[in-house]
Amino acid sequence: MNYDFTEKEFTFFVQLHELMQAFTSANDPEKEDTAAIGQTTRGALAKLAETPYLSLGITPQKDLGLLSLMGAMEVLAALSPSLFLSVEMSTRVFGRSIQTWGNADQKAKWLTPLLAGKLVGAVALSEDALNVENEPLKTTGVKNGDSVVINGNKQYVVNGPIADWLAVAGMLDGKPALFLVEKNTKGLVLENRMATLGYEGTAMAGLRLADCTIPASQVLIPAQGQASLGLLRMWENQVILGASLGLMKAALEAAKNYAKTHKSGGRPVIAYQEVGFKLSEMLTLVQTSQLFAYRAAWIASDNPKEAESMTLCAKVFCTESAEQVASNALQILAGAGFMSGNVAERAYRCAKYGQIAGTSTEIARVKIGDESLGARLS
Ligand SMILES: Cc1cc2nc3c(=O)[nH]c(=O)nc-3n(C[C@H](O)[C@H](O)[C@H](O)COP(=O)(O)OP(=O)(O)OC[C@H]3O[C@@H](n4cnc5c(N)ncnc54)[C@H](O)[C@@H]3O)c2cc1C
């Protein structure tokens, strides 16, 4: 059990930070325009493909594993939450689906360009009035010769409006499957882009599939059956852990700098004990969250069986901490924090997402109780 980053990892994080700081300074990734989001995401993916970032957790990298991925996600999420979410839903959730369930031809077709930063993917799991934890998926594929005809509705799909390919979760022959649907396929209808509380620089939309027909070669059939949905959720939860660490890091940094430089009553506000206490509490939450998230990442590489429940525990703690840290940062920035467009305000708005998306905080608590603590007696 060692969560210390190696020199190689530190060097990688510094390079990643410098590369992406330059990129995000030149291209504002928090813009709300869909065409600009598409362009920025593609530009960022091309830059990231120059580093090991895109391959982490997907193809084996010498001396860089899942713990390195958690540290690297924290770096990118601190620079831009929106860009981070677009990149991660494409790379770590869409990409891992192909890596885990695709055959050699499917990997060559989708994973190779994805890891080269030339393809944007999206994963459509959530459905209207249904949480995948509660019921089987309603979206269904029906075989018709060498084709599959898909019908269903999906919502909240990150990258929906900008993706080249969408992995749509549904049922085929009574088992979960992922249908790989190219944008512009007949029968795939993207709804209007959704306006969101946070992450406004990501493009999110619902979609409808009405007799959308794809070749059978574009279907992934997970060997784990129903449990595959849990795996998809775990990958989302890992992304949300990275997002939470990044939000907290950026908010704490902004509040600390402001408290040291902004004067009120003739002294820097950090001199007021109550402000100092807030910063101490924030640092404590950031450090505890880092340890928790790093431990969840370390367990995922060392003991995948325990990974799901540890990831859920870490997600509950880190996402609630992110909201608290961002709220304290905004309070320290006070009037300046309440103005749109500053780091603390953005972190505050984005933090709520972590408790809702992936396995929601409520469902996570139920699962931790049932599965880890044996609360459900049969
Ligand atoms: C910014 C953002 C990005 C997203 N990106 C994607 C994406 O790319 N792809 C995708 O497929 N989805 C995505 N989602 C959807 C996300 O996964 C869902 O919002 C989430 O799973 C919750 O589902 P729901 O909104 O339908 O809530 P509901 O299931 O309707 O839940 C409503 C409330 O009831 C509680 N609840 C529901 N069931 C239970 C239960 N069994 N036990 C206890 N409490 C329960 C919930 O916790 C919640 O508080 C995204 C969401 C957001 C906000």
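Residues numbered from 1 in each chain as written. Predicted model: local features only at pLDDT ≥ 70, side-chain atom pairs only at ≥ 80, totals over all residues. Heavy atoms only, no water.

**Structural notes on the overall build of the chain**
Here is step 1 of the chain: In terms of regular secondary structure, the chain is built from 10 helices and 10 strands.
Here is step 2 of the chain: Its C-alpha atoms give the chain a radius of gyration of 21 Å, near enough to 21 Å, the size a compact globule of 378 residues would have.
Here is step 3 of the chain: Each principal axis of the C-alpha atoms in the chain carries an extent, and together these give about 80 × 50 × 40 Å.
Here is step 4 of the chain: As presented, the chain carries roughly 16700 Å² of accessible surface, and 53% of it is formed by carbon and sulfur atoms.
Here is step 5 of the chain: In the chain, 34 side chains carry a positive charge and 37 a negative one; their mean positions are 2 Å apart. (Helix = DSSP H or I, 4+ residues; strand = E, 2+ residues; numbered from the N terminus. Rg over C-alpha atoms; globule rule 2.2 N^0.38 Å. Areas by Shrake-Rupley, 256 points an atom, 1.4 Å probe, with all protein chains shown as cover. Lys, Arg positive; Asp, Glu negative; His and termini not counted. Charge placed at Lys NZ, Arg CZ, Asp CG, Glu CD.)

**Comments concerning the side chain of Thr311**
Here is step 1 of the chain: Positionally, Thr311 belongs in helix H8 (residues 304–338).
Here is step 2 of the chain: Ignoring sequence-local partners within four residues, the contact set of Thr311 consists of Met234, Asn237, Gln238, Leu241 and Ala296. (Contact = heavy atoms within 4.5 Å.)

**Some points on the domain arrangement of the chain**
Here is step 1 of the chain: For the chain, the assigned domains are domain 1 (7–115), domain 2 (121–220) and domain 3 (227–372).
Here is step 2 of the chain: Here the C-alpha centroids of domain 1 and domain 2 sit 22 Å apart.
Here is step 3 of the chain: The interface of domain 1 with domain 2 comprises 26 residues on the first partner and 23 residues on the second.
Here is step 4 of the chain: Carbon and sulfur atoms make up 66% of the surface buried where domain 1 meets domain 2, a total of about 2000 Å² over both sides.
Here is step 5 of the chain: At the boundary of domain 1 with domain 2, the tally comes to one salt bridge. (Domains from an automatic or database assignment. Buried area = accessible area lost by both parts, 1.4 Å probe. Salt bridge = Lys/Arg side-chain N within 4 Å of Asp/Glu carboxyl O.)

**Quick word on the site of the ligand**
Here is step 1 of the chain: Neighbouring the ligand are 19 residues, the closest being Leu125, Ser126, Tyr156, Ser360 and Glu362.
Here is step 2 of the chain: Residue Val123 places a main-chain N or O atom 2.9 Å away from a nitrogen atom belonging to the ligand.
Here is step 3 of the chain: Within the backbone of Gly358, an N or O atom sits 3.4 Å from an oxygen atom of the ligand.
Here is step 4 of the chain: When the free accessible area of the ligand is taken as 970 Å², the share hidden by the protein chains comes to 71%.
Here is step 5 of the chain: Tallying contributions element by element places strand S3 (residues 147–158) first for the shell around the ligand, with three residues. (Near = heavy atom within 4 Å. Polar contact = N/O pair within 3.5 Å; in protein donor to acceptor, adjacent residues only side chain to side chain.)

**With respect to the packing of aromatic side chains**
Here is step 1 of the chain: Counting across every chain of the model gives nine aromatic pairs.
Here is step 2 of the chain: Pairing Trp101 with Trp235 gives two aromatic rings, centres 5.3 Å apart and planes at 40°, and the pair type is tilted. Residue Trp101 is located in helix H4 (residues 81–101), and its partner Trp235 is located in helix H6 (residues 227–261); the two are separated by 134 residues in the primary sequence.
Here is step 3 of the chain: Given the relative accessible area of 6%, Trp235 is considered buried. (Phe/Tyr/Trp six-rings, centres within 6.5 Å; stacked < 30°, edge-to-face > 60°. Buried < 20%, exposed > 50% of the residue type's maximum accessible area, 1.4 Å probe, protein only.)

**Some remarks on the packing of H6 against H8**
Here is step 1 of the chain: Contact pair H6 / H8: the axes reach a minimum separation of 8 Å and the direction vectors enclose 25°. Taken together, the axis directions place H6 and H8 in an arrangement best described as roughly parallel. Note that H6 runs across H8; the crossing there is left-handed.
Here is step 2 of the chain: Residue composition of the contact of H6 with H8, by class: 20 nonpolar, six polar and two charged. (Axes fitted to C-alpha atoms, helices over the stretch in contact; angles between N-to-C directions. Parallel < 35°, antiparallel > 145°, perpendicular 65-115°, else oblique. Left-handed = near helix turned anticlockwise from the far one by under 90°. Nonpolar A, V, L, I, M, F, W, Y, C, P; charged D, E, K, R; others polar.)

**Some details on the environment of Ala169**
Here is step 1 of the chain: Within the secondary structure, Ala169 sits in strand S4 (residues 165–172).
Here is step 2 of the chain: In this structure, the C-alpha to C-alpha distance between Ala169 and Leu180, residues 11 residues apart in sequence, is 9.0 Å.
Here is step 3 of the chain: In contact with Ala169, not counting residues within four places along its chain, are Ala124, Leu125, Glu127, Leu137, Thr139, Lys154, Ala177 and Leu178.

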